[in-house]
Amino acid sequence: MLYPSIDNLLLVIDSKYSLVTVAARRARQMQKDHDPGTMDDFKSHKAVGKALEEIYAGNLVMGTDNK
């Protein structure tokens, strides 16, 4: 079972496209900067999973910049 589930994530960000975009951007940033993330304990070992966990926890929100 994947954590967090797509249904729970869509309660935070209401568009699958936006969810994927935000998670991918954060995962690339974590890999590039060797950033351990904003949470103390992650269930996932991979950057994308960690980014999704941050989104679900409310530590990462969708911005309005178009960069």
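A.B. asks: Can you walk me through the packing of helix H2 (residues 16–33) against helix H3 (residues 47–57) in this structure?
C.D. replies: A pair of packed helices can be characterised by two numbers: the angle between their axes and the separation between those axes. Close contact between H2 and H3 brings their axes to 8 Å; oriented N to C, the two are set at 120°. The orientation of H2 with respect to H3, classified from their angle, is oblique. Crossing angle aside, the handedness with which H2 passes H3 is right-handed. The residues of H3 that touch H2, namely those facing Leu 19, Val 22, Ala 23, Arg 26, Ala 27, Met 30 and Gln 31, are Ala 47, Val 48, Lys 50, Ala 51, Leu 52, Glu 54 and Ile 55. For the contact of H2 with H3, the class distribution of residues is 10 nonpolar, 1 polar and 3 charged.

A.B. asks: What am I meant to see in H3 here?
C.D. replies: Along an α-helix, residues three or four apart share an orientation, since each turn contains 3.6 residues. Among all positions in H3, only Ala 47, Gly 49, Lys 50, Ala 51, Glu 53, Glu 54 and Ile 55 are buried. Elements that come into contact with the buried residues of H3 comprise helix H1 (6–12) and H2. Phi for Gly 58, located one or two positions after H3, is positive at around 85°.

A.B. asks: Looking at this structure, I do not really get the environment of Val 12. What am I missing?
C.D. replies: Position of Val 12 relative to the elements: it lies in helix H1. With a relative accessible area of 41%, Val 12 lands in the partly exposed category. Sequence separation between Val 12 and Val 61 is 49 residues, and the spatial gap between their C-alpha atoms is 8.6 Å.

A.B. asks: Please explain the environment of Ile 13 as it appears in this structure.
C.D. replies: Within the secondary structure, Ile 13 is located in the loop between H1 and H2. With a relative accessible area of 5%, Ile 13 lands in the buried category.

A.B. asks: Please explain the packing of aromatic side chains as it appears in this structure.
C.D. replies: Two aromatic rings, taken as a pair, are described by how far apart their centres are and by the angle between their planes. In the structure shown here, the tally under the stated rule is 1 aromatic pair. Measuring from centroid to centroid gives 6.0 Å for Tyr 3 and Tyr 56, while their planes differ by 85°, and the two rings are edge-to-face. Taken together, the positions of Tyr 3 in the segment before H1 and Tyr 56 in helix H3 put the pair 53 residues apart, joining distant regions of the chain. A residue is classified by how much of its surface remains accessible, and Tyr 56, at 33% relative accessible area, is partly exposed.

A.B. asks: Teacher, can you tell me more about the pattern of salt bridges here?
C.D. replies: Any two side chains of opposite charge can pair, given that their charged atoms come close. Using the criterion set out here, one finds 2 salt bridges in the structure. One salt bridge connects Asp 35 with Arg 26, and the closest N-O pair in it is separated by 2.9 Å. Classification of Arg 26 by relative accessible area gives buried; the value is 7%. Among the ionic pairs, Arg 26 bridges to Glu 54, the shortest N-O distance being 2.8 Å. With Arg 26 in helix H2 and Glu 54 in helix H3, this pair connects stretches of sequence that are 28 residues apart. We note that Arg 26, like Glu 54, is buried. Connected through salt bridges with shared partners, the residues Arg 26, Asp 35 and Glu 54 form a single ionic network.

About the thresholds
- Residues numbered from 1 in each chain as written.
- Predicted model: local features only at pLDDT ≥ 70, side-chain atom pairs only at ≥ 80, totals over all residues.
- Heavy atoms only, no water.
- Axes fitted to C-alpha atoms, helices over the stretch in contact; angles between N-to-C directions.
- Helix = DSSP H or I, 4+ residues; strand = E, 2+ residues; numbered from the N terminus.
- Parallel < 35°, antiparallel > 145°, perpendicular 65-115°, else oblique.
- Left-handed = near helix turned anticlockwise from the far one by under 90°.
- Contact = heavy atoms within 4.5 Å.
- Nonpolar A, V, L, I, M, F, W, Y, C, P; charged D, E, K, R; others polar.
- Buried < 20%, exposed > 50% of the residue type's maximum accessible area, 1.4 Å probe, protein only.
- Phe/Tyr/Trp six-rings, centres within 6.5 Å; stacked < 30°, edge-to-face > 60°.
- Salt bridge = Lys/Arg side-chain N within 4 Å of Asp/Glu carboxyl O.

The values reported here are purely geometric and, on their own, carry no functional implication.
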